[in-house]
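Descriptive structure summary
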Amino acid sequence: MTAAPPYYLPLSDEVAVFEAAYQARLPVLLKGPTGCGKTRFVEYMTWRLYRGSESDRRRNIDPALITVTCHEDLTGTDLVGRYLLRGDETVWMDGPLTRAVRTGAISYLDEIVEARKDTTVIIHSLTDHRRMLPIEKTAELIEAHPDFLLVISYNPGYQGLLKDLKPSTRQRFVAIAFDYPDEEREATIIAHESGVDDETAERLAVIGAKTRNLSEQGFEEGVSTRLLTYAGALIRGGVDARRACEIAVVNAVSDDTTVQKAVADIVDVVLP
Ligand SMILES: Nc1ncnc2c1ncn2[C@@H]1O[C@H](COP(=O)(O)OP(=O)(O)O)[C@@H](O)[C@H]1O
Ligand SMILES: [Mg+2]
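As the structure is a computational prediction, the values presented were derived from the model and not from experiment. (Residues numbered from 1 in each chain as written. Chains lettered and ligands numbered in written order. Predicted model: local features only at pLDDT ≥ 70, side-chain atom pairs only at ≥ 80, totals over all residues.)

**A look at the overall build of the chain**
Applicable threshold: A run of H or I in DSSP counts as a helix once it spans at least four residues, and a run of E counts as a strand once it spans at least two, with each numbered from the N terminus. Put plainly, a residue is buried at 20 or more neighbouring C-beta atoms within 10 Å of its own, exposed at 12 or fewer, and partly exposed in between, counting only other residues' C-beta atoms, which are placed from the backbone. By the convention adopted here, residues are in contact when the distance between their C-beta atoms, placed from the backbone, does not exceed 7 Å.
Scanning the chain from terminus to terminus reveals 13 helices and 9 strands. Here the chain holds 272 residues, and 38% of them are scored as buried. Pairs at least 24 apart in sequence give 68% of the contacts found in the chain among residues at least 6 apart.

Below, the structure written as structure tokens:
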């Protein structure tokens, strides 16, 4: 028996677009603010394309999703693999990217701009028609498994132009843009994820929408859907709604007291 699919509420045509991209094995870039559902979407699509798939071969690939959260110390070796000393033997250990390339999993490189530039170059040969991964240390050139797909994510708002994807990398991907859901859908998500009643979920969604209009206060992104579901979870756990928003929303969203004050004012107005 296959486990139930992860919960994902589609916001637009992203499910059909991703399926088409997968059919053509086009590498996919998911861009959008933090906590808006990119990771959940990849988990859901992986379920659809592998666990729920017609293809026996694909259903048997395990794990079907191999995620790497990129950071500034991430090296090419971390992705591709390394020699390890085992007793008096050196053995080659595939890294997460190589494993996905060999087995036909989806490789999800989350927050790709955080990785060093020399790391990003490694993925280039996987993104064109060759679908090859060169492993320098073993002098191997591996051809990607036919089911392999490369997916990367990035948050364009974050750190502005300081950290941007190089055009030579960006232009290798079809880009699906994500944003926070509209109020109605966000309320549905909050209610589902946290278990709060519909009215509470709607109020939390209103708080989210209003904070996203605060950009004039130097507040770039607003409260994420993730934080709103956390507020819901605290309320569900018996914490008073105002206190829950203070903890999960006001304090969590920024350290800037002006921003905190502005968000607190919104919470004050929206909650009964
Ligand atoms: N469209 C959606 N459907 C279901 N859950 C969502 C959706 N968008 C956001 N969420 C909720 O918000 C949380 C954060 O989303 P996540 O995918 O981790 O964000 P991102 O990867 O964009 O930072 C998820 O764990 C889920 O609870
Ligand atoms: Mg994520």
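**Overview of the sheet that holds strand β1 (residues 28–31)**
Pairing between sheet strands relies on hydrogen bonds along the backbone, with the strands arranged either parallel or antiparallel. Stated precisely, the cut-off is as follows: For two strands to be treated as a pair, DSSP must find at least two bridges joining them. Lines are fitted to the C-alpha atoms to define the axes, a helix being fitted only along its stretch in contact, and any angle between axes, read from their N-to-C directions, falls within 0 to 180 degrees.
Across the sheet, which stays open at both edges, the 5 strands sit in the order β2-β5-β8-β1-β9 with parallel pairing between neighbours. Where the open sheet ends on each side, the last strands, each with one partner, are β2 (65–69) and β9 (174–177). On average, each strand axis in the sheet is inclined to that of its neighbour by 20 degrees, with strand direction left out of account. Relative to β9, β1 runs parallel, the two being bridged by 4 bridges. In the strand pairing of β9, L29 is matched with A175. Against the sheet, helix α5 (residues 96–103) engages β2 and β5 (106–110), with an angle of about 160 degrees to β2.

**Section: the site of ligand 1**
Under the convention used in this document: We call a residue near a molecule or strand when its C-beta atom, built from the backbone, sits within 6 Å of it. An automatic or database domain assignment is the source of the domain bounds shown.
Ligand 1 sits among 16 residues. The nearest are G37, K38, T39, R40 and R226. Secondary-structure elements contributing two or more residues to the shell around ligand 1 are α2 (38–51), α9 (183–194) and α11 (225–236). Each of domain 1 (14–177) and domain 2 (183–270) contributes no fewer than three residues to the shell around ligand 1.

**What to know about the nonpolar core**
Buried together is how nonpolar side chains tend to be arranged in soluble globular proteins. Counted only if it meets this: By convention the nonpolar core is taken to be a set of buried residues drawn from Ala, Val, Leu, Ile, Met, Phe, Trp, Tyr and Cys and joined through C-beta atoms within 7 Å.
If you look at the biggest cluster of nonpolar residues, it comprises 40 residues, and the most contacted ones within it are V28, V101, A105, I106, I112, V151 and I152. Among the elements of the structure, β1, α2, β2, α4 (76–80), α5, β5 and β8 (149–154) are those that each provide at least two residues to this core. Those residues in contact with V28, other than ones at most four positions away along the chain, are F18, A21, V151, F173, V174 and I176.

**Comments concerning the packing of α11 against helix α12 (residues 241–253)**
Let me state the cut-off plainly: When an angle is under 35 degrees it counts as roughly parallel; over 145 it counts as roughly antiparallel; between 65 and 115 it counts as roughly perpendicular; any other value is oblique. For any helix crossing, the convention is left-handed if the near helix is rotated counterclockwise from the far helix by under a right angle, and right-handed if that rotation is clockwise. Residues are grouped as follows: nonpolar covers Ala, Val, Leu, Ile, Met, Phe, Trp, Tyr, Cys and Pro; charged covers Asp, Glu, Lys and Arg; every other residue, Gly included, is treated as polar.
Their axes nearest at 8 Å, the elements α11 and α12 cross at an angle of 150 degrees. By the angle class used here, α11 and α12 are roughly antiparallel. Between α11 and α12 lies a crossing of right-handed hand. Contacts from L227, Y230, A231, L234 and I235 of α11 reach α12 at A241, A244, C245, I247, A248, V249, A252 and V253. Counted by class, the contact of α11 with α12 contains 13 nonpolar, no polar and no charged residues.

**Remarks on the pairing of β1**
Here β1 shows two buried faces, one formed by V28 and L30 and the other by L29 and K31. One ladder, built from 4 bridges, connects β1 with β8; its direction is parallel. From the neighbouring strand, K31 faces β8, where its bridge partner is Y154.

Spatial relationships are all this shows, so hold off on functional conclusions.
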